Amino acid sequence: MRAVAALWRREIVRFLRQRSRVIGSLAQPVVFWLLLGGGLSASFRPGAAASTSYLEYFYTGSLALVLLFTAIFATISVVEDRRGGFLQGVLVAPVSRTTIVLGQALGATTLGVGQGLLFVLLAPLAGIALGGAMLAGTLAASMLVAFGLSNIGLAIAWRMESTQGFHAIMNLVLLPIWFLSGAFFPPAGLPAPLRAVMALDPLTYGVGLLRHALYAGHPARTAELPSLAVCLAVSAGFAAASLAVATATARRSGVL
Amino acid sequence: MNGPDAVETVRLSHRYGERRALREVSLSIRRGEVFALLGPNGGGKSTLFRILSTLLRPSEGEARIFGHDVVREAAAVRRRIGVVFQSPSLDAKLTVLENLRHHGALYGWSGSALRARADELLERFRLTERRGELVERLSGGLARRAELAKGLLPKPEVLLLDEPSSSLDPRARRELSEYLLGLRASDGVTVVLTTHHLEEAERCDRVAVIDGGQVIAVDTPEALKARVGGDVVTIRGAEPRLLGERIRERFGLTPMYVDGTIRLEHARGHELVRTLVDTFADAVTSVTFGRPTLEDAFVRLTGHALDGAREGGGA
């Protein structure tokens, strides 16, 4: 437990000392949200939720992007640790691989959620009112989603030799997962095969969970989504499964 | 002090694909020894180091630290070893003190015990004033000291060091050797280091000469040097091979060819020098002789110089 806390704390301290990371992982989604959200709003014609502007629709997707980016940046630091030599010192210490992965994942999750909450303060700009239940729910939902995303990042990072390789995988795997999660466009009106793919994307339920939380007390706004219970169950299941995969990867990564 | 050896390997072998990096290495390192694994780069010592530090699973054979198998009882081994890697393992974005605290926490240290232990090591390595500095701002020598402090923090019974002096100047290297010998006296720590520096090996209690993945000899530096018969005569000439053959024919000696020189072992070196100069005045450019060094012993054992390429020849 002490080891998990130490590993967690290190991720936070490192992050705060790298100002470009702090700014990059928060500013990028904000810029995306404002430019894409603003630029595409004229062509956005949602089905039933006619009152939703694209800026508002894309807001939740941008929150998911904040969580995704911080998880990605944090896992890149694992690749750097491996290459640099820091991880060697951790690997010869009497701590299990599960402990190491858990410390890294919780560190990445904390960073993601911290920045996610800053982004949530912009919700009124998207036309979403801030509120107690809304903030508490969004915090919880963000934790679950960020934890799952961090675990996928770690599972990839533990078998990568270079950060270049990680970028390739990120563009091939992580961003498509985000694109197809309903973050960018709703499934309504799309061809059936694409809708099916979106239904299989675990992040669809993560973004759904975030929408349920942001619109706490406004059930009409989330009527087209999978139910809160389904979103929660899939997200929790995904968080657990991805942790298992990341741990297994760390165990197999060329060392005892 | 009986009980199991600090380090014991039994017919330890490792292969990377087709390449055999380690062949049936059997070693016993006693508790409290300062022990060098001496050999050229690529000779197998780093592979042995990685196996002992639980980072590499050997293909065959066994390795034990205080009786605990490095594969089956990795956790028990990890609690007993401190490891100092050749590549820096400090987090450059953390301060010296933060690095030490982080490392201690991984070994279950906390609170005032951890603070006291970190302070003690900072003091010992003269890092107290730099403890709040980010590691990325430290000079190479200071960073090396911080690495050592980190490796020693959890009070290991065996300290494993991979090429600890590789980036140090001769003065810092001597300081490090003295420090490691002092450790044995103060903490009873067994020290195992890999090196390709002869003077570093010279200061250890015992040396294992490793070459081509095999242990060629294990002994004290003195005993290794004594294996060289008498004095060592080193001859330089324009055509060493030709000159060497002439010496072989004329005197029945066995020349070894090392780094473009001819080496001869002879009980009465000074007499041989005179004879050689008289006989081959035209072909010899310089002749030196002296008591055998550890390098001579290495050449004698392996047939080539420590950092030179293999040149064949030899006994």
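Quick notes on the rules
Residues numbered from 1 in each chain as written. Chains lettered and ligands numbered in written order. Predicted model: local features only at pLDDT ≥ 70, side-chain atom pairs only at ≥ 80, totals over all residues. Helix = DSSP H or I, 4+ residues; strand = E, 2+ residues; numbered from the N terminus. Buried ≥ 20, exposed ≤ 12 C-beta atoms within 10 Å, placed from the backbone. Contact = placed C-beta atoms within 7 Å. Pairing = 2+ DSSP bridges. Axes fitted to C-alpha atoms, helices over the stretch in contact; angles between N-to-C directions. pLDDT = per-residue confidence, 0-100. Parallel < 35°, antiparallel > 145°, perpendicular 65-115°, else oblique. Left-handed = near helix turned anticlockwise from the far one by under 90°. Nonpolar A, V, L, I, M, F, W, Y, C, P; charged D, E, K, R; others polar.

*Asks:* Is there a simple way to think about the overall build of chain B in this case?
*Replies:* The number of helices and strands found in chain B is eleven helices and 14 strands. Dimensions of chain B along its principal axes, counting C-alpha atoms only, are 75 × 45 × 40 Å. A buried classification covers 46% of the 315 residues belonging to chain B. A separation of at least 24 residues holds for 68% of the contacts in chain B among residues at least 6 apart in sequence.

*Asks:* Even after reading the chapter, I still don't get the sheet that holds strand β14 (residues 284–290) of chain B, so can you show me in this structure?
*Replies:* Neighbouring strands of a sheet are bound in pairs by backbone hydrogen bonds; such pairs are parallel or else antiparallel. Residues and elements named next belong to chain B. One open sheet holds the four strands; their spatial order is β12-β13-β11-β14, and the pairing between them is antiparallel. Each edge of the open sheet is held by one strand with a lone partner, namely β12 (256–258) and β14. Each adjacent strand pair in this sheet contributes to an overall mean axis angle of 30 degrees, direction not counted. One ladder, built from six bridges, connects strand β11 (residues 231–237) with β14; its direction is antiparallel. If you follow Arg 236 over to β14, its bridge partner there is Ser 286.

*Asks:* So what exactly am I meant to see when it comes to the environment of Ala146(B) here?
*Replies:* All names here are of chain B. With respect to the helices and strands, the residue Ala 146 is situated in helix α5 (residues 140–152). As a C-alpha pair, Ala 146 and Leu 127 span 19 residues in sequence and 7.5 Å in three-dimensional space. When sequence neighbours within four positions are dropped, the list of residues in contact with Ala 146 reads Leu 90, Val 96, Asn 99, Leu 127, Val 135 and Leu 138.

*Asks:* So what exactly am I meant to see when it comes to the confidence of the model for chain A here?
*Replies:* Interpretation of this model should avoid reading the predicted coordinates in detail wherever pLDDT is low. On average, chain A scores 88 in pLDDT, and the residues at 70 or more come to 96%. Within chain A, helix α2 (residues 19–40) of chain A has the poorest average pLDDT of any element, 82, and helix α9 (residues 202–214) of chain A the best, 96.

*Asks:* What is the right way to look at the packing of helix α3 (residues 54–84) of chain A against helix α7 (residues 163–183) of chain A in this model?
*Replies:* If you want to describe how two helices pack, look at the angle between their axes and the distance between the axes. All names here are of chain A. Running from N to C, α3 and α7 point in directions that differ by 160 degrees, and their axes come no closer than 11 Å. Comparing their axes, α7 and α3 come out roughly antiparallel. Handedness of the α3/α7 crossing: right-handed. Listed contacts from α7 to Thr 60, Gly 61, Ala 64, Leu 65, Leu 68, Ile 72, Ile 76, Val 79 and Glu 80 of α3 are Thr 163, Phe 166, Met 170, Leu 174, Trp 178, Ser 181 and Ala 183. Per-class residue counts for the contact of α3 with α7 are eleven nonpolar, four polar and one charged.

*Asks:* Please clarify how the interface of chain A and chain B should be interpreted in this entry.
*Replies:* How large an interface is tends to be reported as the accessible area lost when its parts come together. If you look at the interface, chain A gives 20 residues, while chain B gives 26 residues. Mapped by element, the contributors of at least two residues to the side of chain A that touches chain B are α1 (2–17) and α4 (86–91) of chain A. In terms of residues, the side of chain A that touches chain B owes the most to one element, α1(A), which gives seven residues. Looking at the side of chain A that touches chain B residue by residue, the class counts come to twelve nonpolar, four polar and four charged.

*Asks:* Help me understand the packing of α1(A) against helix α5 (residues 97–120) of chain A in this model?
*Replies:* All names here are of chain A. Two elements in contact, α1 and α5, have axes separated by 8 Å at closest approach and are oriented at 40 degrees. Here α5 runs oblique to α1, going by the angle between their axes. Here α1 and α5 pass one another in a crossing that is right-handed. In contact with Ala 3, Val 4, Leu 7, Trp 8, Glu 11, Ile 12 and Phe 15 of α1, α5 contributes Thr 99, Ile 100, Leu 102, Gly 103, Gln 104, Leu 106, Gly 107, Ala 108, Thr 110 and Leu 111.

*Asks:* Would you explain the environment of Thr98(A) in this entry?
*Replies:* Along the chain, Thr98(A) turns up in helix α5. For Thr98(A) and Ala239(A), which are 141 residues apart along the polypeptide, the C-alpha to C-alpha distance reads 14 Å.

*Asks:* Before we go on, may I ask you to explain the sheet that holds strand β4 (residues 60–65) of chain B in this structure?
*Replies:* Residues and elements named next belong to chain B. Sheet architecture is open: four strands sit in the order β2-β1-β4-β5, paired in antiparallel fashion. Two strands close off the open sheet at either side, each with one partner strand: β2 (19–29) and β5 (68–69). As judged from the five bridges shared by strand β1 (residues 7–16) and β4, these two strands associate in the antiparallel manner. Bridge pairing in β4 links Ser 13 to Glu 60.

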